[in-house]
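For reference, the chains in residue letters:
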Amino acid sequence: MDTTADDGAGTVRVEIDDIQSGALRPRPVPYEGKYLFLRVDDRRAGRALLRRLLPLTAVGLPSTDRSQDAWVAVAFTYAGLRALGVPQESLDSFPQAFREGMAARAELIGDVGESAPAHWEAPFGTGDVHIALSALSSDAAQLDKELERVRVAFEGTPGVQVIWQQEVRQLPTGRTTFGFRDGISHPNIEGVGLPASNTQEAPIKAGEFILGYPDETGNLPPMPTPEVLGRNGTYAAVRKAHTDVAAWRRFLRANSSSAEEEELLAAKMVGRWPSGAPLALAPEHDDPELAADPHRVNNFLYRENDDRGFRCPAGAHIRRANPRDSTIIGDARMHRLIRRGTTYGPPLPEGVLEDDGADRGLVGVFLGAHLERQFEFIRAEWINDGNFIGYPGEKDAVAGHHGGTDTLTIPEKPVRRRLQNLPDFVVTRGGEYCFVPGLRALRWLAELED
Ligand code: HEM
C-alpha cells in the first residue's frame, strides 16, 4: 500500500509497505517487549540470519486484528553494516554522526559525569553492538510466539551472538517510573495516513522522518547509497536511561509544603499531569477525562494562551522537547522526533523516598531522518541548555544533566519561582545510533555477496 499527500508542489507517495512498522506506527498500549543486541562475527552467518528475519520483520500500518499485533524491527549500527560486508563506498555515504556512533558524541549531547560512556553498561559504546532487534506486542502470548520465531531464526548461525537483552513492559499503572503517562505526542506526518493527535499543527513533511522524500527544507534529506539501501530507511537513537525515582520524590517533597503542591511542581517539571493531561489545557489540576480523550490530550499550541509559560513553563520537559509554536530562538518544526519509549524494571513502591537499588527506567528510541538536527540538536540545545528560551545554562527539569547545581525557573505572578540545586533524575546507561532500513534494503543487505 502506498499513501499519498499533496504537498502543493505535487503528490508525495509514501511507500508504507516498505517502511518498518516500528518507525511509523505508535507502539501498542499496553505493551510487552524485548530488545536484543547482536554481534556478527561472520558476515555470511549475519546475512543468513537476516534472510530468516525478513519474513518476521513487520512493515506498514497497524493490523486491525489485535491478536496479530506483534512485530519485530531490525536496525544496524555503523559497525554492524561494516561487519555484514557493506562496501566501503556505501559506508562512507552515511552521515558523520552515525558513523561515529553515540558514545563518540557523548559530550555534545550531554552524556557527561555519571552518564558518560566510561560508566555505560556493556556492550553499549564498545563497537560490539552490530544489530538491534526489538519485538513488541500488546499481548504476552503473541510476544512469546514472536520471540520463539526469532529464536528459531538463530538456530544454526553460530557466527552471530546475542550480547545483550532487555525486557520492557508497561507498568500496571500505565505510567513511566516517575509516575507520568508517556507516548501521547507524535508528530503529524504528511502522507502516512495516521490520524493527527494535534490538528492545530500543520503536517510535517515525510522526509523529516523517512529517507527518500522531501523534508521541511523542500529538499531530499542526504541518503546513503546505493538508493536501494537508503530509501525508506530512518535513523534511531536508542538509549537506556536509568531513572532515580527516589531522588525525584525527595526533590518534590523538599520543595513543596503539601501533597497537592508536590503534584503541581512535578507537573510543572514535566508539562503534563500524571494522567497525561497537558498543563497548557489544564493549568490548575489534573483532568483524567481530558487525558482520556484522544482528540484533546495533545491538541494544543502555546503561543496564543501561554507564550510566557504561566501555565506550562518554558523549562518543562515537553515544552523544551517540542516548543510547538512558542516564541523561541529557532524553528521547532526543524527539530521533531518520533519517539518509542518503553519502561523497564520494577516500579518503586508508592511513597518510598529511599532508593532500593533496583534498576528501573526507560529504553528510549528516537527516530528521524537527521540525527544531527533532530536528536542531537534537541539533546544539546533544548535539553542541556536554555539559550533558546532565554535561560542560558538552565536545563531540562526531567531529562537534563544537572549535577546537583542547576536551577529551574517557574514563571509565577507576582514573582517567578526559582528552584536550586537540582540533582540528576536520569542517568544514561548507554546508547547506540542505528540505521533502520526499509524492507527492500533489508533484502539487499541479506543478499550481499562474497
Ligand atoms: C528518562 C528520560 C525521559 C523521561 C522520563 C521522559 C518522559 C516524557 C514524558 C512523560 C512525556 C510526556 C508524554 C508525551 O507527550 O507523549 C515526554 C514527552 C516527550 N519527550 Fe521525553 N522523557 C525522557 C527523555 C527524553 C529525551 C532524551 C528526549 C529527546 C531527546 C525526549 C523527547 C520528548 C519529546 C519530543 C516529547 C513530546 C513533547 C511534545 O510533543 O509535546 N524525552 N517525555
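Numbering of residues starts from 1 in each chain and follows the order in which that chain's sequence is written. Given that the model is predicted, a residue must reach a pLDDT of at least 70 before its local features are reported, and side-chain atom pairs must reach 80 or more before they are shown or counted; all residues, however, enter totals for whole chains, interfaces and linings. To get the side-chain values, take all heavy atoms of the structure and skip hydrogens and water.

Another aspect to go through is the overall build of the protein. Of regular secondary structure, the protein possesses 14 helices and 13 strands. Only C-alpha atoms enter the radius of gyration; for comparison, a globular chain is expected to reach 2.2 Å times N to the power 0.38, where N is the number of residues. A globule of 450 residues ought to have a C-alpha radius of gyration of about 22 Å, and the protein, at 21 Å, matches this closely. For the protein, the spread of C-alpha atoms along the three principal axes comes to 70 × 55 × 40 Å. When accessible area is computed with a 1.4 Å probe and restricted to protein chains, residues below 20% of their type maximum are described as buried, those above 50% as exposed, and intermediate ones as partly exposed. Here the protein, with 450 residues, has 58% of them falling under the buried criterion. Every residue pair with non-hydrogen atoms within 4.5 Å of one another is taken to be in contact. The long-range share in the protein, meaning contacts at least 24 apart out of those at least 6 apart in sequence, stands at 72%. Each accessible area is a Shrake-Rupley result for a 1.4 Å probe, and residues are judged covered by the shown protein chains and nothing else. Carbon and sulfur atoms make up 50% of the accessible area of the protein, which amounts to about 18500 Å² in all. Helix and strand assignments come from DSSP, with helices taken as H or I runs of at least 4 residues and strands as E runs of at least 2, each series counted from the N terminus.

Our focus in this paragraph is the side chain of R340. Of note, R340 is situated in the loop between β8 (338-339) and β9 (342-344). His is not counted, nor are the chain ends; Lys and Arg add positive charge and Asp and Glu add negative charge. Every case where a carboxyl oxygen of Asp or Glu lies within 4 Å of a side-chain nitrogen of Lys or Arg is listed as a salt bridge. As a buried residue without a salt bridge, R340 has its nearest oppositely charged side chain in D182, at a separation of 9.5 Å. Pairs of N or O atoms within 3.5 Å make up the polar contacts considered here, provided that, within protein, one atom can donate a hydrogen while the other can accept it, and that residues adjacent in sequence are counted only when both atoms are side-chain atoms. Among the polar contacts made by the side chain of R340, one reaches the main-chain carbonyl oxygen of L24 at a distance of 3.3 Å.

Glancing now at the nonpolar core. The nonpolar core is taken to be a set of buried Ala, Val, Leu, Ile, Met, Phe, Trp, Tyr and Cys residues, with the residues joined through side-chain atoms within 4.5 Å. Among the nonpolar cores identified, the biggest contains 90 residues, and L50, F76, F98, L133 and Y433 are the most heavily contacted of them. In contact with L133, not counting residues within four places along its chain, are K34, Y35, L36, L38, L53, V72, A73, V74, V150 and F154. Core analysis: the second largest hydrophobic core is formed by 22 residues, F251, M269, V398 and L422 among them.

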